[in-house]
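Observations on chain architecture
The lines below spell out each chain.
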Number of protein chains: 2
Amino acid sequence: MIKDFSYLIKDKGFKVTQIRKDILGIFSNDCKPINAEYIYKVLKNKKTNLVTIYRTLVSFEKEGILKRVDLHKESVYYELVDDHHHHHIICLYCKKVYNFNGCKEDSDLLISKALKQNKDFNSISHHSFDLFGICKKCSKK
Amino acid sequence: MIKDFSYLIKDKGFKVTQIRKDILGIFSNDCKPINAEYIYKVLKNKKTNLVTIYRTLVSFEKEGILKRVDLHKESVYYELVDDHHHHHIICLYCKKVYNFNGCKEDSDLLISKALKQNKDFNSISHHSFDLFGICKKCSKK
DNA sequence: TTTCTTGCAAATTTTTTGCAACTTA
DNA sequence: TAAGTTGCAAAAAATTTGCAAGAAA
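Residues numbered from 1 in each chain as written. Chains lettered and ligands numbered in written order. Predicted model: local features only at pLDDT ≥ 70, side-chain atom pairs only at ≥ 80, totals over all residues. Heavy atoms only, no water.

Going by an unreviewed UniProt entry, chain A carries the name Ferric uptake regulator, Fur family and comes from Candidatus Nomurabacteria bacterium GW2011_GWF1_31_48. Turning to chain A, the UniProt annotation filed under Sequence similarities (unreviewed entry) states: "Belongs to the Fur family." (UniProt positions renumbered as here; feature names shortened; annotations may be inferred.)

Here you go:
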């Protein structure tokens, strides 16, 4: 389902433009980490520009709308920050990404322990907890 | 201190060359995530080649000697897999990296929960648990 | 001597920048 | 209309590839 992201965009201090709504629509619809190239292909018929997409991704990340996800792939992937709390298991060979539901309490506990140790931060805006291994299919090969 | 990594290199099926020992020496000595360019500068007087460094990093990652670390910077950083178990807190503005000692039991628990949920993996070779926020210095600005 | 490694040059890919034209508020 | 956005062209930066020469086992 495509939500209307106008409020979120405006709330973060951006002007509401079609492409920004489109980009967030794709994130909301696809529910997986995506990169600039992917967005470009989806929006190609709308004559979008890759440069604009890059700029949008960077600015949305700075404002906490998107977060980077490191899939150990060639380019940078992003996800909605406000997504359902989950983590990734990534196959080191085929790079396929599987989600799993991390227990929010568990990771919150780890974060509070970290903040007690490190006095350079007041708070944490988001975190990554990703597992890397070789999936069963690739192990067989 | 610089350890001798010859055995590790040979054990993973590589030939023991000076540059491979040098690269692992740097990782062992510096104890922080580093990228190809950094290694290149450290070894510059030895007339090293960036291409060789890239190839070494990629092959060492595949064999589980190194792991990628995503610092949300321009290039790819690596760390020794066999390092002391720790995690990172990264400032989204200045990109400075702070370490903290994650409790190994806690993250092992999360990993076992993940493996129960997801049946596509038998085991996990390594994981990332990194926190992102804005450090106190950058908050003041 | 066989196999793996390295270096060089060049290519590819991803991401960024400058600037003028265009939109949103 | 003022301030922020976009598109185009071009540049910059990071990483990869092919191939011949060199080094390890």
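Bringing the sheet that holds strand 1 (residues 34–35) of chain B into the picture now. Hydrogen bonds along the backbone pair up the strands of a sheet, which may run parallel or antiparallel. All names here are of chain B. Pairing in this open sheet of three strands is antiparallel, and the strands run 1-3-2 from one edge to the other. Bordering the open sheet on either side are strand 1 and strand 2 (66–69), each of which pairs with just one other strand. Pairing between strand 2 and strand 3 (residues 77–80): four bridges, direction antiparallel. The partner of R68 across the bridge, within strand 3, is Y78. Lying on the sheet, helix 2 (residues 18–30) is in contact with strand 1, strand 2 and strand 3; it crosses strand 3 at an angle near 80°. The strands touched by helix 4 (residues 50–62) within the sheet are strand 2 and strand 3, with strand 2 carrying the most contacts at an inclination of about 105°. (Pairing = 2+ DSSP bridges. Helix = DSSP H or I, 4+ residues; strand = E, 2+ residues; numbered from the N terminus. Contact = heavy atoms within 4.5 Å. Axes fitted to C-alpha atoms, helices over the stretch in contact; angles between N-to-C directions.)

For the rest of this paragraph, the subject is the sheet that holds strand 5 (residues 97–100) of chain B. Ordered in space as 5(A)-4(A)-6(A)-6(B)-4(B)-5(B), the six strands form an open sheet in which the pairing is mixed. Because the sheet does not close on itself, it has two edges, and the strands there are strand 5 (97–100) of chain A together with strand 5 of chain B. Neighbouring strand axes in the sheet, compared pairwise and without regard to direction, differ in orientation by 25° on average. For strand 4 (residues 87–91) of chain A and strand 6 (residues 126–133) of chain A, the ladder comprises four bridges, and the chain directions are parallel. Following the sheet pairing, I90 of chain A is matched in strand 6 of chain A by F132 of chain A. This element, helix 5 (residues 104–117) of chain A, spans strand 4 and strand 6 of chain A together with strand 4 (87–91), strand 5 and strand 6 (126–133) of chain B of the sheet and lies at about 60° to strand 6 of chain B. The sheet strands contacting helix 5 (residues 104–117) of chain B are strand 4, strand 5 and strand 6 of chain A together with strand 4 and strand 6 of chain B, and the helix crosses strand 6 of chain A at an angle near 60°.

This paragraph deals with the pattern of salt bridges. Scanning all chains against the criterion turns up two salt bridges over all chains. Across the pair D70 of chain B and R68 of chain A runs a salt bridge, and its minimum N-O distance is 3.6 Å. Of this pair, D70 of chain B sits in the loop between strand 2 and strand 3 while R68 of chain A sits in strand 2 (residues 66–69), which puts the two residues in different chains. On the basis of relative accessible area, D70 of chain B is assigned to the buried category, the value being 14%. Residue classification places R68 of chain A among the buried positions, given a relative accessible area of 17%. (Salt bridge = Lys/Arg side-chain N within 4 Å of Asp/Glu carboxyl O. Buried < 20%, exposed > 50% of the residue type's maximum accessible area, 1.4 Å probe, protein only.)

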